[in-house]
Protein chains: 4
Amino acid sequence: MIIDAARAGKAVFCEKPISLTLEDATEILRVLEETGAFLQMGFQRRFDAAYVAARRKVEEGAIGSPVVFTSISRDPFRPPLEFCDPKVSGGLIADMGIHDFDVARMYMGEVKSVHAIGGTLAYPEMNDVGDIDNAIVNMEFASGALGVVELSRNAVFGYDIRGEIWGTEGSIQIGYFRQTPIVMMTKTGIAHDAVPYFFERFESAYLTQIQDFVENVRNGRGPSVTGADAVAAMRISLAANASFREKRPVEVEIARNHG
Amino acid sequence: MIIDAARAGKAVFCEKPISLTLEDATEILRVLEETGAFLQMGFQRRFDAAYVAARRKVEEGAIGSPVVFTSISRDPFRPPLEFCDPKVSGGLIADMGIHDFDVARMYMGEVKSVHAIGGTLAYPEMNDVGDIDNAIVNMEFASGALGVVELSRNAVFGYDIRGEIWGTEGSIQIGYFRQTPIVMMTKTGIAHDAVPYFFERFESAYLTQIQDFVENVRNGRGPSVTGADAVAAMRISLAANASFREKRPVEVEIARNHG
Amino acid sequence: MIIDAARAGKAVFCEKPISLTLEDATEILRVLEETGAFLQMGFQRRFDAAYVAARRKVEEGAIGSPVVFTSISRDPFRPPLEFCDPKVSGGLIADMGIHDFDVARMYMGEVKSVHAIGGTLAYPEMNDVGDIDNAIVNMEFASGALGVVELSRNAVFGYDIRGEIWGTEGSIQIGYFRQTPIVMMTKTGIAHDAVPYFFERFESAYLTQIQDFVENVRNGRGPSVTGADAVAAMRISLAANASFREKRPVEVEIARNHG
Amino acid sequence: MIIDAARAGKAVFCEKPISLTLEDATEILRVLEETGAFLQMGFQRRFDAAYVAARRKVEEGAIGSPVVFTSISRDPFRPPLEFCDPKVSGGLIADMGIHDFDVARMYMGEVKSVHAIGGTLAYPEMNDVGDIDNAIVNMEFASGALGVVELSRNAVFGYDIRGEIWGTEGSIQIGYFRQTPIVMMTKTGIAHDAVPYFFERFESAYLTQIQDFVENVRNGRGPSVTGADAVAAMRISLAANASFREKRPVEVEIARNHG
């Protein structure tokens, strides 16, 4: 579809994944280059107010030089089993982690190697389709900096998206979001309201992302998130999957920037 | 304008204040009753997610019986002096406090008497136009419950809107709102992002409020906030103003509900 | 006992109240002056890390000039009825509020007048002994600044001690204390651990206070909290009690400093 | 010294590390077994109120079955270079991580394998002595659960000790500790007070730990933390060091429990 649209001269907005295989993705990038077509990838976290504010703080030098990146993504439930099949979803690490790998690159630059561990710890039935429900992926960046991504399908209380950019002069934590600024103090304790679910958490990021796409096209600007960005995150996912299967660290082939 | 619109058979949405005098307000209510016209008042806090969630918790009995209501409203700066003139604005207590008096009624029922103190403590130039910049109003409700409203024009860090509903079985605090869930940890301390300004704080409440108005009109439902509600909050403001001038507690004439 | 100890040349540490009547207190102060005896009053909040840190911030000018002081003191339960009798305890306002009035003076200077409202809202049986369980006292300081004290006996979740010093350039909030830095995120919400009870809350303040007393005596320094401070807080309590009974603002006679 | 004390019939309290080599530690355990001497190891986090409360919550089943353990330990500065020499300190991973490995075992049981990455990212001069200043160690537990430890020497704002126990039914976060419950709201933002340094953070844990040791000896109870616990944590450290050097996951030999 991207190739057809690109050949037809349309500007394209594409949700992840750009494709199911690296070969298809490479072909897409080639056609984009050939046709000069506009493609912007949908990685909504890049447009979320918290991630944007953190990025600005990093760029301002508020925490010195970033040396460790931590990212936590946890879904409140597992998908229906038919969508858990790694042949469809890419498996937990690729399906969920791609957003973490994308923001990792945004804050820290390219990833050089990864090592992944994981297990089926909350939903035994996922073993039947060959997927896992919890994983930890650590990363070494080309810069020498370090990273870790924690993924889970059992955030029973809501959609748990957090992270930290750890620098030589301090830390920026992207914390859990509260839907309202209410605090309850009762005999059972001190409680905030609940963590929001996916659409509440990222509603305005999705809106901002589409506005950004439209403005980029209208004003003849380049895409904010390129196809090459999508391929780079995919390469990290694939390396992490290979690491998990082969129980060893795996090098990531760093995509050259021709999005 | 309300009267003209009502006579023309229009549904009316009106921002506070409904009028500058109690006489005009009473006349408006009379015409509304006569014509059966639809009037909904704009008190956006009633549509803010935090105030709505707190109301639901109170109605569910989560804090037992509410016995004290505290409300803090603080603007980040004083208005231009020409708008501070109490003849135009009604003065600090009426201009800012009317929202607090309205939500006080929403959570706690009618106010029986008030006592106000205040002063020009941050902007000496406000003395020139006869207004104050900080005030505290305490309230006795018809139910016997207690309340206190704190008003200020010098919340230099943002728009500081907070409150607490204190019950026999616990407390609901409506806290300060953070624009993003970011926490910075640096040598200078642990800091959240800043408190938002007025339009960020209540943007979605204003939207929800207008949607509610439209749906009420479309579905033939009564207004969510009536002209009588506006008059009731106005009576509390006027009593608080009188209390401040006369340095004594003042009874509030309780509006009968014919909005 | 204070008088006997003073005449015997002992250094005296005295918990509040210094006496049950103003007459006795005045006599105590007179004997202290006559004998030159050392008396230090026990107002442990002045030694609590939070109140101390807030005081230092105020003195550093971190919030500009303080213009409003808010203080909340709430006990987790009512005392046994025999101790609620105002003839024994002084009543809710004097018994609990004296600590708030003392720190009010510490941050803001002398209180010029007070106005109190209150009621028996949580424990109807307190009516039998003539005491109330919730009260709000507002204050005008000699400086023109404003204050409000909220008192309650029904903080069912723990010992709720909070406050705010509101300045022309910002705010210092003294918030609720958490016993441990644990946060629970479960299906039922996001919860901190509970608020501590009295002795956990002020354990180290009591220790610091006694150390301070001993060091003052050893080093021949004056007392950190004087008998005159105790009398000044008592005068505010008495004025607030009178205001509550007479339903009008009452002037506070300002104690001269000869402690 | 432990062996001498054990042979002399003394009860021994020993700070980590129990020894510099596994051989010495094994010999110590052997002598303890032979003499029946009492040894309690100093792992003060096990006595910290937050870690204790979290443990109780886990044991109560509050978060279901724990599946991921995350632990962050960050020192506010690097030690003097002569103490950074891995031949003296064991290197960052062993020197700092041993506490994290110990609490990991406490919450999650034995560790089966580890994989470590790290780098000299904040203090280039540490390269001269062959140590690193940041590391990430991931862990697979014998139960199949997952873990990650983040270590750093550049927490410039204080002593940053945090963790999370992630379960099938929720999460317990052990958060950053605030010295006082003060919040400042000024033009520069909303800020807590600073994070405490080491001795403030764990002062009461150290006290509790020694009281526990004394009571165990007095009452003829076994040690709360055994020499075998110390050896088990040491084995994890050594495996993590080996993993870092060899750039591959390393199995941990699980200590048999004969402390």
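**Here's the deal with the overall build of chain A**
Argument step 1. For chain A, the helix and strand inventory stands at eight helices and eleven strands.
Argument step 2. Computed over C-alpha atoms, the radius of gyration of chain A comes to 19 Å, within 12% of the 18 Å expected from 2.2 N^0.38 for 259 residues, which places it in the range of a compact globule.
Argument step 3. The proportion of buried residues among the 259 residues of chain A is 60%.
Argument step 4. Taking the contacts inside chain A whose residues are at least 6 apart along the sequence as the reference set, 74% of them involve residues at least 24 apart.
Argument step 5. Accessible area of chain A: about 10200 Å², with a carbon and sulfur share of 54%.
Argument step 6. Placing the 26 positive and 35 negative side-chain charges of chain A at their respective mean positions leaves the two points 2 Å apart.

**Quick look at the interface of chain D and chain A**
Argument step 1. Contact residues are listed per partner, giving 41 residues for chain D and 41 residues for chain A.
Argument step 2. Both sides together, the interface formed by chain D and chain A hides about 3000 Å², and carbon and sulfur atoms give 60% of it.
Argument step 3. At the boundary of chain D with chain A, the tally comes to four salt bridges.
Argument step 4. Here D:Glu164 makes a salt bridge to A:Arg74, at a shortest N to O gap of 3.1 Å.
Argument step 5. Our count for the chain D to chain A interface comes out at 15 residue pairs in polar contact (both at pLDDT 80 or more).
Argument step 6. Elements represented by at least two residues in the side of chain D that touches chain A include exactly strand 3 (66-74), strand 4 (111-119), strand 5 (134-141), strand 6 (146-152), strand 7 (160-167) and strand 8 (170-174) of chain D.
Argument step 7. If you tally residues by element for the side of chain D that touches chain A, the top one is strand 5 of chain D, at six residues.
Argument step 8. Looking at side-chain class alone, the side of chain D that touches chain A contains 17 nonpolar, 15 polar and nine charged residues.

**So, the interface of chain D and chain C**
Argument step 1. Listed as interface residues are 26 residues of chain D and, on the opposing side, 26 residues of chain C.
Argument step 2. Summing both sides of the interface, chain D and chain C together bury roughly 2000 Å²; the carbon and sulfur share of this comes to 64%.
Argument step 3. For the chain D face of the interface with chain C, the top three residues by lost area are D:Pro181, D:Ile182 and D:Met184, together amounting to 29%.
Argument step 4. If you look at where chain D meets chain C, you find two salt bridges.

**Concerning the side chain of B:Gln44**
Residues and elements named next belong to chain B.
Argument step 1. By the secondary structure assignment, Gln44 is in the loop between strand 2 (39-42) and helix 3 (49-59).
Argument step 2. You can call Gln44 buried: its relative accessible area is 1%.
Argument step 3. Reaching out from Gln44, the side chain makes a polar contact with the side chain of Tyr206 at a distance of 3.4 Å.
Argument step 4. Those residues within four positions of Gln44 in sequence are excluded, and the remaining contacts are His99, Phe198, Phe202, Ala205, Tyr206 and Gln209.

**A closer look at the confidence of the model for chain A**
Argument step 1. Chain-level pLDDT for chain A is 91 on average; 98% of the residues reach the 70-or-more range.
Argument step 2. The ipTM for the predicted assembly is 0.91, set against a pTM of 0.89.

**Concerning unusual backbone geometry**
Residue and element names in this part refer to chain A.
Argument step 1. Between Lys16 and Pro17 the backbone carries a cis peptide bond, its omega angle lying at -5°.
Argument step 2. The topology assignment puts Pro17 in the loop between strand 1 (12-15) and helix 2 (22-35).
Argument step 3. With a phi angle near 55°, Lys247 is a residue other than glycine that sits in the positive phi range.
Argument step 4. Position of Lys247 relative to the elements: it lies in the loop between helix 8 (227-246) and strand 11 (250-251).
Argument step 5. In this structure Lys247 comes out as exposed when scored by relative accessible area, which is 59%.

**Some points on the relation of the copies chain D and chain A**
Argument step 1. The transformation that overlays chain D on chain A combines an axial shift of 0.0 Å with a rotation of 180°, and the residual RMSD is 0.0 Å. The superposition of one copy onto the other is thereby described by a two-fold rotation axis. Every residue of chain D has its C-alpha some distance from the rotation axis, and the shortest such distance is that of D:Arg248, at 3.0 Å.
Argument step 2. The share of interface residues of chain D whose copies in chain A are also at the interface is 100%, consistent with both copies meeting through the same surface.

**Quick look at the pattern of salt bridges**
Argument step 1. Enumeration over the complete set of coordinates arrives at 88 salt bridges over all chains.
Argument step 2. Here A:Arg162 and A:Asp160 are joined by a salt bridge, their closest N and O atoms 2.8 Å apart. One exposure class covers both A:Arg162 and A:Asp160, and it is buried.
Argument step 3. Several salt bridges converge on common partners, so that one network encompasses A:Arg74, A:Glu150, A:Asp160, A:Arg162 and D:Glu164.

**Side note on the pairing of strand 1 (residues 12-15) of chain D**
Residues in a regular strand project their side chains so that they alternate between the two faces of the sheet.
Residues and elements named next belong to chain D.
Argument step 1. Burial of strand 1 is one-sided: the residues Val12 and Cys14 facing one way are buried, the residues Phe13 and Glu15 facing the other way are not.
Argument step 2. Sheet analysis places strand 1 next to strand 2 (residues 39-42), joined by four bridges and oriented parallel. Bridge pairing in strand 2 places Glu15 opposite Gly42.
Argument step 3. For the segment spanning strand 1, helix 2 (residues 22-35) and strand 2, crossover handedness is right-handed.

The rules we used
Residues numbered from 1 in each chain as written. Chains lettered and ligands numbered in written order. Predicted model: local features only at pLDDT ≥ 70, side-chain atom pairs only at ≥ 80, totals over all residues. Heavy atoms only, no water. Helix = DSSP H or I, 4+ residues; strand = E, 2+ residues; numbered from the N terminus. Rg over C-alpha atoms; globule rule 2.2 N^0.38 Å. Buried < 20%, exposed > 50% of the residue type's maximum accessible area, 1.4 Å probe, protein only. Contact = heavy atoms within 4.5 Å. Areas by Shrake-Rupley, 256 points an atom, 1.4 Å probe, with all protein chains shown as cover. Lys, Arg positive; Asp, Glu negative; His and termini not counted. Charge placed at Lys NZ, Arg CZ, Asp CG, Glu CD. Buried area = accessible area lost by both parts, 1.4 Å probe. Salt bridge = Lys/Arg side-chain N within 4 Å of Asp/Glu carboxyl O. Polar contact = N/O pair within 3.5 Å; in protein donor to acceptor, adjacent residues only side chain to side chain. Nonpolar A, V, L, I, M, F, W, Y, C, P; charged D, E, K, R; others polar. pLDDT = per-residue confidence, 0-100. Least-squares fit on C-alpha atoms with pLDDT ≥ 70 in both. Pairing = 2+ DSSP bridges. Right-handed = clockwise from strand over helix to strand, strands pointing away.

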